[in-house]
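Okay, here's what each chain looks like letter by letter:
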Amino acid sequence: MSRSLQEAKHVLEYPYRRSVGPVLGRFFGALAEGRIEGVRTQTGHVLVPPQEYDPQTGEATGEPVAVASTGVVTAWAWVDRPRPKHPLANPFAWALVQLDGADTALLHVVDAGEMARMKTGMRVRARFRDERVGEIRDIACFEPEEAR
Amino acid sequence: MTEIVKSITTPIRLEYVYRPGRATSRFLRGLAEGRILGQRCPVTGKVYVPPRGASPTHGVPTEEEVEVRDTGTVTTFCIVRIPSEGLSIPPPFVAAHILLDGADIPFFALIHECPFDQVRMGMRVKAVWVSKEELAPTFESIRYFKPLDEPDAPFESYREHL
Amino acid sequence: MRDVAIVSFAQAPNVRCETERNEVEMLMPVVAEALAASGIARGEIGFTVSGSCDYIAGQPFAFVSGIDAVGPWPPINESHVEMDGAFALYEAWLKIQSGEVDSALVYAFGKSSMGDIAEVLTLQLDPYTVAPLWPDAVSLAALQARVALDRSRVTERAMAEVAARSRRSAKANPNAQLRGDFDVDALLAEPYLVAPLRKHDCPPVTDGAAAVVLAAGELASRSCARPAWIRGIDHRIECHSLGARDLARSASTEIAGEKAGAFTGSFDVAELHAPFTHQELILCSALRMAPSVSVNPSGGALAANAVMVTGLIRLGEAAARIHAGDARRVLAHATSGPCLQQNLVCVMEA
């Protein structure tokens, strides 16, 4: 506490529970089964993660489409010192991953060990958690495909 | 057949260092000395407590410090019977607005040592403080208010503060 | 369309951590200074609107107590946006255009020092598929910088030059927080914070407050010797999904610039709200900024970044160049959302 002025620690905590609706509900349901699904727009693009509407046209999107658990890194940023809230405790990369069969990119993390292994255009594969509940963190991370 | 997920939990937790500013800091330090400090609006002469450093009606700094008494008048009250998370005291209890003697704005506090059916508007009350050793720069230095053995204040004396 | 001008501007000194004053205590002198400079009495202001974000203070409805700084008695015509004050200014401009009022007070405040601002900004992201991973604001900006680097829209050297120039310019700004002379090669020798961003590519954490008075027509001319007339103002937003946007350019700035008249005539000064170095380069490209334009002579967001205030300060700083007689035509820009999602462009003339 400073001598002349008061200060206090203040914690803001909300246990939000969110209804996700049928489009994201199906996406999360597939994640729980260890699969990734997107949604097709009326113009034929596949959005992953799926959206209820086409961000380009505003039109409602159509049927779900299965996409691969592998894809290409379109952008990445290397975190040497992860924050406590980050998905991985070891150094990792944030990445936009365009999955095979998708036209948009998903934001997630790549567990590559060191920055030198990261490259735009590299191929990665989703690593799913063993215990899945139907949420985005059911994908633990992506890892370089060459690791397999 | 894929099961459709209905909802997800997305808890958030953020930590802050709260700094209440000059006026409220002085007020909190006053509580640690067993005193209640307000500030006077230079335009209207009204005394605000707890002070926030600003006249809430005129947007000018309130620089003159005024000590108000720890006795006052209940302007309005309610009896809380519904428990809620984060509430440190178990219901039922009486929460009241108290116009402290010397202040021009009611002060939020609890009332104890009084049967619920005897709490009333105009009732005169006095602060019950924690022990001297326990005084600290926090609202919790005032445990609650209890009835004073005094006639009720006339309605006219607090009608402007409801 | 009515002729509307910024007639006065005031700001608190931008500091890393304002330990002494709460938001209201910071705002009061700023509001008083802006009103006094306009000559419009408190009670004569037609409309009051503010920009702030409750998560910055961690207090729900914190904006409601901010109103103490303006003295709302008798009750006033008021509004609030949970955005940068620049977008509150847009609402004020619209209100004046509606003919309902002739003047407006716009203010913004934010003490980023109270929490972890990079995490607070995570809460503006998609709460279903993005926010649960807790990407912080620096990480997302770094992803955008990578896209811009990969497409050769920027270089790390050009980014470091933006940082050095901003903090050099800030030496002339008494309200700036981060100022001084930095050697570009030395900056480039520093380690990455979140690669490809280094510390110098990121804004400081700042506490600040600012206020602007707008007035229409005759009132503006009476309130200010050299009003900064708003000749065009527009804002545009892109979709929320980062993976569905082209992060290397700012399509929303291009359209807002076009609508605001940024592509006709020349500018003496441009104040661009770019918290990260690569974002200034993306914005300059979107606005086709000529090399002759003095960009961010105040030091910009890289010299002081009170979140929710920085955009309004860009409008105020640009207008102040006109008030002072240092500029004839200026451009101001403000942004909101992750990776320049939403952008406002305003063109002002003497």
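Residues numbered from 1 in each chain as written. Chains lettered and ligands numbered in written order. Predicted model: local features only at pLDDT ≥ 70, side-chain atom pairs only at ≥ 80, totals over all residues.

1. Comments concerning the sheet that holds strand β4 (residues 64-67) of chain A
Residues and elements named next belong to chain A.
Here's step 1: Across the sheet, which stays open at both edges, the 3 strands sit in the order β3-β2-β4 with antiparallel pairing between neighbours. In this open sheet, the two edge strands, each paired with only one partner strand, are β3 (46-47) and β4.
Here's step 2: Across the sheet, helix α1 (residues 21-32) lies against β2 (36-40) and β4, angled at about 155° from β2, the strand it touches most. (Pairing = 2+ DSSP bridges. Helix = DSSP H or I, 4+ residues; strand = E, 2+ residues; numbered from the N terminus. Contact = placed C-beta atoms within 7 Å. Axes fitted to C-alpha atoms, helices over the stretch in contact; angles between N-to-C directions.)

2. As for the confidence of the model for chain B
Here's step 1: Per-residue confidence for chain B averages 94 on the pLDDT scale, and 100% of its residues sit at or above 70.
Here's step 2: The ipTM value of the predicted complex is 0.95, and its pTM value is 0.95. (pLDDT = per-residue confidence, 0-100.)

3. Some points on helix α1 (residues 22-32) of chain B
In an α-helix, one turn spans 3.6 residues; hence positions three or four apart end up facing the same way.
Here's step 1: Most of α1 of chain B is tucked away, with 9 of its 11 residues classed as buried.
Here's step 2: Check the buried side of α1 of chain B and you find it contacts β2 (36-40) and β4 (64-68) of chain B together with α1 (23-38) of chain C. (Buried ≥ 20, exposed ≤ 12 C-beta atoms within 10 Å, placed from the backbone.)

4. Description of the packing of helix α4 (residues 85-97) of chain C against helix α12 (residues 310-323) of chain C
Residues and elements named next belong to chain C.
Here's step 1: Where α4 meets α12, the closest approach of the two axes is 5 Å, and the angle between their N-to-C directions is 60°. The angle between α4 and α12 falls in the class oblique. For the pair α4 and α12, the contacting residues are G85, A86 and L89 in the first and G311, L312, R314 and L315 in the second.
Here's step 2: The residue makeup of the contact of α4 with α12, split by class, is 4 nonpolar, 2 polar and 1 charged. (Parallel < 35°, antiparallel > 145°, perpendicular 65-115°, else oblique. Nonpolar A, V, L, I, M, F, W, Y, C, P; charged D, E, K, R; others polar.)

5. Things to note about the sheet that holds strand β11 (residues 329-336) of chain C
Adjacent strands of a sheet form backbone hydrogen bonds with each other and so pair up, either parallel or antiparallel.
All names here are of chain C.
Here's step 1: In spatial order, the strands read β3-β2-β4-β7-β1-β8-β12-β11-β9-β10; together these 10 strands make up an open sheet with mixed pairing. Across the chains shown, the open sheet's two edge strands, defined by having one partner strand only, are β3 (78-81) and β10 (294-295).
Here's step 2: Here strand β2 (residues 47-51) pairs with strand β4 (residues 103-111) via 5 bridges, running parallel. Residue pairing in the sheet places T48 in a bridge with L105 of β4.
Here's step 3: Packing of α1 onto the sheet brings it into contact with β1 (4-11), β4 and β7 (207-216), and relative to β7 it is tilted by some 30°.
Here's step 4: Set on the sheet, α12 makes contact with β1, β2, β4, β7, β8 (228-237), β9 (269-271), β11 and β12 (342-349); between it and β11 the angle comes to about 175°.

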